[in-house]
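Observations on the three-dimensional arrangement
Residues per chain are reported as follows:
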Amino acid sequence: MRAIVVRNFGATPELADMPLPEPGPGRVRVQIEAAGVNPFDQRMAEGYLEGIMPHDFPMILGVDGAGVIAAAGPGVHRFAVGERVVGKFLYPPAGHGSFAEFSIAPEDGALVPIPQGVSTVAAAALPTAGTTAQDLVDAAAIKPGQTVLIVGATGGVGSFLVQLANIAGAQVLATARAAAADQVTRLGAAETIDYTAGSVTDQVRALRPDGIDALFDLVSPPEKLAELTDLVRSGGAVYSIIGAADETALRERGITGGNLVSSSGASELARLLARVANGDVVVPIEGTIPLEQAPTAIGAGGARGKTVLTL
Ligand SMILES: NC(=O)c1ccc[n+]([C@@H]2O[C@H](COP(=O)([O-])OP(=O)(O)OC[C@H]3O[C@@H](n4cnc5c(N)ncnc54)[C@H](OP(=O)(O)O)[C@@H]3O)[C@@H](O)[C@H]2O)c1
């Protein structure tokens, strides 16, 4: 089968011919039809999992995938052959991911049926970015009327987060280059801040001199995050998803939150899919590209929503 692999950490992702994987007990083989690309795919290729999770080479990349159950191993009872599913294809040993014609997943993992009305491509864009955004809004317990700043709002996580924070009733301030401002406004941002046109801190202070209630920062390194944190009122919340928050310093200022690592599983993914199925959340797809072109998409910056590989 065709798959996108790295042959060792640090190698360039390439198209390869790999054996068809067999589903063991409690596992299903999914024929992948669409696979969402995330920054984590590049990290995985670079060696992020070294010392963290056992892994195999050639390592098939890809966490998010959607398709059809093609075969079920012994004892599988939750899924039937032919059912449309979406999930995360990362479990030990890593390296048997979703950037392939077929992938294996435990039936009790982060794997759920795709509701009617949600396309396979849309579903494939959700697992990592969408559930992380949902986790952030849940963690911060946003209340109607609060002001929230999202830094990195134009990418995968951000374009879900703008919508979910807006649904929670927040006034959303979102960073976006000028060319992407319309996109985040359509998703629900009340104001956009062009981070290439000057200090974000100064621009937000001009808009909200009394401060903001929550900061969701998806991209800033520690120093930048510390500066932006000055915008947040005491009693507010600050979250980083790249480990940039100094949690001790936040507590000293009476701010909740910290570094969030999404651990969303099947139930959270199912909840988000239901919100997409009933039209509350749109899936912002930047583009679809064939599997073969994955090497050009993995690690590419400047995301406007999600890129999805199709098979
Ligand atoms: N902790 C977790 O559980 C978790 C889960 C998912 C993702 N992540 C991490 O979170 C980060 C974001 O993920 P993602 O999927 O949203 O990435 P993405 O799709 O690549 O989006 C990142 C966005 O940030 C924008 N950006 C870059 N530098 C910026 C800056 N200085 N100020 C404002 N915007 C900026 C980019 O557009 P422009 O460059 O054109 O402005 C892009 O739209 C990644 O590092 C990812 O690995 C962590």
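Residues numbered from 1 in each chain as written. Predicted model: local features only at pLDDT ≥ 70, side-chain atom pairs only at ≥ 80, totals over all residues. Heavy atoms only, no water.

What to know about helix 6 (residues 200-207)
When we look at burial in helix 6, the residues that qualify are Val-200, Thr-201 and Val-204. Looking down the long axis of helix 6, one finds its buried residues gathered within 95° of arc, a one-sided arrangement. Summarising the geometry of helix 6, the exposed residues directed more than 90 degrees from the buried face are Asp-202 and Ala-206. Capping the start of helix 6 is the job of one residue whose side-chain oxygen sits 3.2 Å from the backbone nitrogen of Thr-201: Ser-199. (Buried < 20%, exposed > 50% of the residue type's maximum accessible area, 1.4 Å probe, protein only. Helix = DSSP H or I, 4+ residues; strand = E, 2+ residues; numbered from the N terminus. Arc of directions from axis to C-beta. Polar contact = N/O pair within 3.5 Å; in protein donor to acceptor, adjacent residues only side chain to side chain.)

A look at the packing of aromatic side chains
Counting across every chain of the model gives three aromatic pairs. With a centroid separation of 5.4 Å and an interplanar angle of 75°, the aromatic rings of Phe-40 and Tyr-48 are classed as edge-to-face. For Phe-40, a relative accessible area of 21% puts it in the partly exposed group. Under the relative-accessibility criterion, Tyr-48 is labelled partly exposed at 44%. (Phe/Tyr/Trp six-rings, centres within 6.5 Å; stacked < 30°, edge-to-face > 60°.)

Things to note about the UniProt feature "domain: Enoyl reductase (ER)" (unreviewed entry) in the chain
UniProt records the feature "domain: Enoyl reductase (ER)" (unreviewed entry) at residues 10-309, using the numbering of this structure. End-to-end, the C-alpha atoms of residues 10-309 are 22 Å apart, and along that stretch the chain is 28% helix and 29% strand. (UniProt positions renumbered as here; feature names shortened; annotations may be inferred.)

A closer look at the sheet that holds strand 1 (residues 2-6)
Strand pairs in the sheet, formed through backbone hydrogen bonds, run parallel or antiparallel to each other. What the four strands build is an open sheet, ordered 2-1-4-7; its pairing is mixed. The outermost strands of the open sheet, each flanked by one partner alone, are strand 2 (14-17) and strand 7 (94-96). Each neighbouring strand pair of the sheet contributes to a mean axis angle of 50°, computed without reference to strand direction. Two strands pair when backbone bridges link them, and strand 1 and strand 2 are joined in this way by four bridges, in the antiparallel orientation. (Pairing = 2+ DSSP bridges. Axes fitted to C-alpha atoms, helices over the stretch in contact; angles between N-to-C directions.)

Some points on the environment of Pro-93
Counting through the fold element by element, Pro-93 comes out in the loop between strand 6 (84-88) and strand 7. Pro-93 sits 143 residues away from Gly-236 along the chain, and the two C-alpha atoms are 40 Å apart. Discounting chain neighbours no more than four positions away, the residues touching Pro-93 are Pro-54, His-55 and Asp-56. (Contact = heavy atoms within 4.5 Å.)

Some thoughts on the site of the ligand
Lining the immediate environment of the ligand, one finds 22 residues, of which Gly-156, Tyr-195, Ser-262, Ala-303 and Arg-304 sit closest. Taking Thr-154, its side chain carries an N or O atom lying 2.9 Å from an oxygen atom of the ligand. At a separation of 2.9 Å, an oxygen atom of the ligand approaches a polar side-chain atom of Arg-177. Surface burial for the ligand is 81%, taken as the share of its 920 Å² of free accessible area covered by protein chains. The set of elements that each furnish at least two residues to the shell around the ligand consists of helix 1 (39-46), helix 3 (127-140) and helix 4 (156-167). Residue composition of the shell around the ligand, grouped by class: 10 nonpolar, nine polar and three charged. No fewer than three residues from each of domain 1 (2-125 + 283-310) and domain 2 (129-259) sit in the shell around the ligand. (Near = heavy atom within 4 Å. Areas by Shrake-Rupley, 256 points an atom, 1.4 Å probe, with all protein chains shown as cover. Nonpolar A, V, L, I, M, F, W, Y, C, P; charged D, E, K, R; others polar. Domains from an automatic or database assignment.)

A short note on the domain arrangement of the chain
What the domain assignment reports for the chain is domain 1 (2-125 + 283-310) and domain 2 (129-259). For domain 1 versus domain 2, the distance between C-alpha centres works out to 29 Å. Taken residue by residue, the interface counts 10 residues in domain 1 and 11 residues in domain 2. Roughly 710 Å² of surface becomes buried between domain 1 and domain 2 when both sides are summed, with 55% attributable to carbon and sulfur atoms. Area buried by domain 1 at its contact with domain 2 is led by Pro-284, Arg-304 and Gly-305, which between them contribute 57% of it. Scanning the region where domain 1 abuts domain 2 turns up zero salt bridges. (Buried area = accessible area lost by both parts, 1.4 Å probe. Salt bridge = Lys/Arg side-chain N within 4 Å of Asp/Glu carboxyl O.)

Some thoughts on the sheet that holds strand 13 (residues 212-217)
Strands sit in the order 12-11-10-13-14-15 across an open sheet of six strands; the sheet is parallel. Of all the strands in the sheet, just strand 12 (191-193) and strand 15 (256-259) have a single pairing partner and so form its edges. With strand direction ignored, the average angle separating the axes of adjacent strands in the sheet is 20°. Pairing between strand 14 (residues 232-240) and strand 15: four bridges, direction parallel. Paired with Tyr-239 across the two strands is Gly-258, which belongs to strand 15. Contacts from helix 4 reach strand 10 (147-151), strand 11 (171-175) and strand 13 within the one sheet, and its direction differs from that of strand 11 by about 165°.

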